[in-house]
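# Understanding the architecture of this molecule
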Protein chains: 2
Amino acid sequence: MFVKQLTVGVRDEYRLRVPERDPFRESHVESRRNRPAKPPLSRDSIVDEALRQISTEDSAPLSLRKIAKALDTGPASLYAYVDGMSELQALVLDRALQAVETGGKGSWRDRLEGLLLSYATVLARSPTLARMAFQTTAVGPNALRISEALLELLAEAGVDQANAAWAIDLLTMLVTATVAEHAQDTGAAKPGGPIEQALARTSASQYPRVHAARDDILSGTGEERFHWGIDILIRGILAHPQSQ
Amino acid sequence: MFVKQLTVGVRDEYRLRVPERDPFRESHVESRRNRPAKPPLSRDSIVDEALRQISTEDSAPLSLRKIAKALDTGPASLYAYVDGMSELQALVLDRALQAVETGGKGSWRDRLEGLLLSYATVLARSPTLARMAFQTTAVGPNALRISEALLELLAEAGVDQANAAWAIDLLTMLVTATVAEHAQDTGAAKPGGPIEQALARTSASQYPRVHAARDDILSGTGEERFHWGIDILIRGILAHPQSQ
DNA sequence: TATTCGTCGCGAACAGTGTTCGTCAAGCAA
DNA sequence: TTGCTTGACGAACACTGTTCGCGACGAATA
C-alpha cells in the first residue's frame, strides 16, 4: 500500500511492460530519510532478520511482530517494504534457496540426487522453512534456477520436455513434503509418539496387514526413505511413455 | 486438562494397558448433567460442527471460537471434550476419511486408482481439510482402514511388505500434497496468477529450459496431473528391486 | 533564509486466534 | 435439607496480521 504510492514513478514505467509488480525485482525500496542511529530498515534487512529468526528459534512460526521488535520498530513499519506476510514468506523462501547448489559432478543421476539433497538440506534447516516451502509455491529467481537445473538434468537423462516439466513438480514435492512431514512442529513420528502408539494398538484381526507391517512402516531413517523415494520417482519417470 | 481430571477413573484402568490415551476410542465423554434446553455438547457434536464449518465456509481455517459460537457456548467449554486444536484436527480429519471408499472392483490397478481418487475427492471437499491432512499425520481408525486397503492392493500387485509399507506413505503423500497445493488459500496457480506471470517473465537467455517449457509446466488439469503422478509412482514402485 | 508542503515512519488500535484460570451452579449423596 | 463433588464457561491472557492516521522531517518554494 505504502510502497505502491512511494514508488509510483518507478512502477508506472514498469507497468507498461508487466501488468503486476514482481516482488523479486527492486529488492530495496530505499527510504530517502537517512535516519542517524539505526540502520535504515530496508527490505533486505527485514528478510535477513526473518531468515535469521526461523534459523535460530526452532519451529517458531515467523511473526511480523517479532521481526519488527528485533529491528527496533513497530509492525506497521514493515509494510512499507513488504506487502504482507505472504510476500515476506516468498522472499524469505527464495533467499533461503540461494544456498541450494545446482552445480555438481558425476552422472546425471548423481547430480540429480545431489541437487535434491542440497534442496532438502536447506529446507531442513528450519521446520518453519519447510512448512513455508510447502505452502508457498516458489517462483523467485532461485526457484527458477533450481527448476532450470532440474530440467537440464532430466533432459540429459533422456526425459522429454513435457514429462520433465511435470516431473520437476513431483520431485520437488517429494522433497518438500518429506522434509515438512519429518520436521513437523509436533514430533509425532518420534519413538513413543502418537503414531507409533497407534500402530502398536492395531489388532491383528482388524488390520492384519498394517499390524504385520507396523515395524516396516516406521523403519528407516529420514535419509534412507528420502533416497528410496527419489529412486522410485526416477524409475517411474524413466519408465513412463515418452513422446520424444 | 479438564478431560484428564474428568475421566480419571476410566483412564486409570486404561493406563494399565496403554501408556497414553487414544483419542479415537470412547468417542463421547458424556456429560452426566443433562441440561434441559441445549443438546448436551458432546465430542461428536463438536467434531460434526467443525466438519460442517470447513465444508461450508470455504477455506475458513477452522477456529475453536467459531465452533463454540455455533454451539452456543464459549471456547473454554470445548476443552472439556477435546484436548485442544491439534486433537480436534485429527478427529475431524478421521471423521472426514470415513467417506473414503476402500472397496472396489476390477484389477488391483483400477482399485488402487479408485481408492486414491476417492481419497483425493474427500480431501478436495475443503481446502482446510486438505491442509489438515497434510500437516496432521492421520492415525485414526479410518486412516488405518485406508492403509490396510493400500497394503492389500500392493500385495496383490506383487510388492513385498517392506516396499509396500514405505509406498503407502509415498502414495498418500502424493494425493495429499496434490490436493493441498491445488486447493491453496491463494489461487496462485490460476491463469493470470503470480506463478504464470513469473514464468512469462523468464527470459530465454537466463532460464532457457524453463522458458521453453513454460507452457508444459502449466499444462494439464489437476486430474490429469494426478493420474500422471500415480502412474509414475506405480511404475517406480514396481520397478524397484524387491526382496520377496 | 524562512515557510510551506508533501511524504513517509510508526504508535495505537482492530479483529482475530488458541488456551487457561477460577468462579459459580447444578446434581447426587448423606 | 445440607454438603460437596463435578462440570460449564465468562473473562482474561498472550499472541497473531493488518490498517488508520497523526506527527515530524526533508525538500521544494517564496
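Residues numbered from 1 in each chain as written. Chains lettered and ligands numbered in written order. Predicted model: local features only at pLDDT ≥ 70, side-chain atom pairs only at ≥ 80, totals over all residues. Heavy atoms only, no water.

By the naming in an unreviewed UniProt entry, chain A is AcrR family transcriptional regulator, taken from Streptomyces pseudovenezuelae.

## Description of the overall build of chain A
The secondary structure content of chain A amounts to 14 helices and 0 strands. In sequence order, the secondary structure elements of chain A are arranged as α-α-α-α-α-α-α-α-α-α-α-α-α-α. Relative to its 244 residues, chain A shows a buried fraction of 47%. For chain A, contacts bridging at least 24 residues in sequence account for 64% of all contacts bridging at least 6. Total accessible area on chain A stands at roughly 12100 Å², and carbon and sulfur atoms take up 53% of it. (Helix = DSSP H or I, 4+ residues; strand = E, 2+ residues; numbered from the N terminus. Buried < 20%, exposed > 50% of the residue type's maximum accessible area, 1.4 Å probe, protein only. Contact = heavy atoms within 4.5 Å. Areas by Shrake-Rupley, 256 points an atom, 1.4 Å probe, with all protein chains shown as cover.)

## Looking at the relation of the copies chain A and chain B
The operation relating the pair of chain copies consists of a rotation about an axis and a translation along that axis. Between chain A and chain B, which share one sequence, the superposing operator has a rotation angle of 180 degrees and an axial displacement of 0.0 Å; the RMSD is 0.1 Å. Those values place the two copies in the arrangement expected of a two-fold rotation axis. Looking at the rotation axis and the C-alpha trace of chain A, the residue lying nearest is A:Gly236, at 1.9 Å. Here 100% of the interface residues in chain A have copies in chain B that are interface residues too; the copies meet face to matching face. (Least-squares fit on C-alpha atoms with pLDDT ≥ 70 in both.)

## Description of the packing of aromatic side chains
In total, this model carries 3 aromatic pairs over all chains according to the counting rule given. Ring centres of A:Phe134 and B:Phe134 lie 3.6 Å apart, and the angle between their planes is 5 degrees; on these two criteria the pair is classed as stacked. Taken together, the residues A:Phe134 in helix H8 (residues 127-135) and B:Phe134 in helix H8 (residues 127-135) connect one chain to another. By the burial criterion, A:Phe134 is buried, and B:Phe134 matches it. Ring centres of A:Trp228 and B:Trp166 lie 5.6 Å apart, and the angle between their planes is 85 degrees; on these two criteria the pair is classed as edge-to-face. Here A:Trp228 is found in helix H14 (residues 222-239), whereas its partner B:Trp166 is found in helix H10 (residues 161-182) on a different chain. (Phe/Tyr/Trp six-rings, centres within 6.5 Å; stacked < 30°, edge-to-face > 60°.)

## Observations concerning the UniProt feature "DNA-binding region" (unreviewed entry) in chain A
Within this numbering scheme, the UniProt entry marks residues 63-82 of chain A as carrying the feature "DNA-binding region" (unreviewed entry). With 55% helix and 0% strand, residues 63-82 of chain A has its two end C-alpha atoms placed 13 Å apart. (UniProt positions renumbered as here; feature names shortened; annotations may be inferred.)

## Focus: the interface of chain A and chain B
One frequently used descriptor of interface size is the decrease in accessible area upon assembly of the parts. Each partner contributes residues to the interface: chain A has 59 residues there, and chain B has 61 residues. Of the roughly 5700 Å² buried where chain A meets chain B, counting both sides, 66% is carbon and sulfur surface. Three residues, A:Trp166, A:Arg201 and A:Trp228, lead the burial of chain A against chain B; their summed loss comes to 15% of the area buried on that side. Between chain A and chain B we count 3 salt bridges in total. B:Glu152 is paired through a salt bridge with A:Arg209; the nearest N and O atoms lie 4.0 Å apart. At the boundary of chain A and chain B, one finds 21 residue pairs in polar contact (both at pLDDT 80 or more). Looking at the side of chain A that touches chain B, the elements that each hand over two or more residues are H8, helix H9 (141-156), helix H10 (161-182), helix H11 (194-201), helix H12 (208-212), helix H13 (214-218) and H14 of chain A. Residue contributions to the side of chain A that touches chain B peak at 15 residues, all from H10(A). (Buried area = accessible area lost by both parts, 1.4 Å probe. Salt bridge = Lys/Arg side-chain N within 4 Å of Asp/Glu carboxyl O. Polar contact = N/O pair within 3.5 Å; in protein donor to acceptor, adjacent residues only side chain to side chain.)

## As for the nonpolar core
Within the largest apolar cluster, 137 residues are counted, with the highest numbers of intra-cluster contacts made by A:Val92, A:Leu129, B:Val92 and B:Leu129. Beyond its immediate chain neighbours, meaning those up to four positions away, B:Val92 contacts B:Val47, B:Ala50, B:Leu51, B:Ile54, B:Leu129 and B:Met132. (Core = buried A, V, L, I, M, F, W, Y, C linked by side-chain atoms within 4.5 Å.)

## Description of the pattern of salt bridges
Pairing between side chains of opposite charge can happen when the charged atoms of each approach one another. Taken as a whole and assessed by the stated rule, the structure comprises 19 salt bridges over all chains. The salt bridge involving A:Glu49 is made with A:Arg52; its shortest N-O contact spans 2.9 Å. One end of the pair, A:Glu49, and the other, A:Arg52, are both in helix H3 (residues 43-56), 3 residues apart, so they sit about a helical turn from each other. The partly exposed category is assigned to A:Arg52, whose relative accessible area is 44%. The residue B:Arg235 makes a salt bridge to B:Asp231 at a minimum N-O spacing of 2.7 Å.

## Description of the packing of helix H7 (residues 108-123) of chain A against H9(A)
The axes of two packed helices give the description: the angle between them and the distance between them. All names here are of chain A. One way to put it is that H7 packs onto H9 with a least axis distance of 9 Å and a crossing angle of 155 degrees. Viewed along their axes, H7 and H9 adopt a mutual orientation that is roughly antiparallel. In this structure, H7 crosses over H9, and the sense of that crossing is left-handed. Counting all contacts with H7, which are made through Trp108, Arg111, Leu112, Leu115 and Leu116, the residues of H9 involved are Ile146, Ala149, Leu150, Leu153 and Glu156. Among the residues making up the contact of H7 with H9, the classes are represented as 8 nonpolar, no polar and 2 charged. (Axes fitted to C-alpha atoms, helices over the stretch in contact; angles between N-to-C directions. Parallel < 35°, antiparallel > 145°, perpendicular 65-115°, else oblique. Left-handed = near helix turned anticlockwise from the far one by under 90°. Nonpolar A, V, L, I, M, F, W, Y, C, P; charged D, E, K, R; others polar.)

## Let's talk about the environment of B:Phe226
All names here are of chain B. Structurally, the position occupied by Phe226 is in helix H14 (residues 222-239). Residue class for Phe226 comes out buried when judged on its relative accessible area of 5%. When sequence neighbours within four positions are dropped, the list of residues in contact with Phe226 reads Leu116, Leu117, Ala120, Val175 and Thr178.

## As for the environment of A:Leu116
Residues and elements named next belong to chain A. On the secondary structure map, Leu116 appears in helix H7. Accessibility expressed as a relative area gives 1% for Leu116, which makes it buried. Expressed as a C-alpha distance, the spacing of Leu116 and Val175, which sit 59 residues apart in the sequence, is 7.0 Å. Beyond its immediate sequence surroundings of up to four residues, Leu116 is in contact with Leu150, Leu171, Val175, Phe226 and Ile230.

## Considering unusual backbone geometry
Residues and elements named next belong to chain A. The phi torsion at Asp72 lies on the positive side, around 60 degrees, for a residue other than glycine. Structurally, the position occupied by Asp72 is in the loop between helix H4 (64-70) and helix H5 (75-78). Looking at Asp72, the relative accessible area reads 53%, which means it is exposed.

## Remarks on the packing of H10(A) against H14(B)
Remark: H10(A) packs on H14(B), axes separated minimally by 11 Å, with the N-to-C direction vectors making an angle of 80 degrees. In terms of axis orientation, H10(A) runs roughly perpendicular to H14(B). Between H10(A) and H14(B), the contacting residues are A:Asn163, A:Ala165, A:Trp166, A:Ala167, A:Asp169 and A:Leu170 on the first element and B:Glu224, B:Arg225, B:Trp228, B:Ile232 and B:Leu233 on the second.

## Regarding H7(A)
Between the first and last C-alpha of H7(A) there are 22 Å, a value that for 16 residues agrees with the 22 Å anticipated at 1.5 Å per step. Taken together, the buried positions of H7(A) are A:Trp108, A:Leu112, A:Glu113, A:Leu115, A:Leu116, A:Ser118, A:Tyr119, A:Ala120, A:Val122 and A:Leu123. (Expected span 1.5 Å × (residues − 1).)

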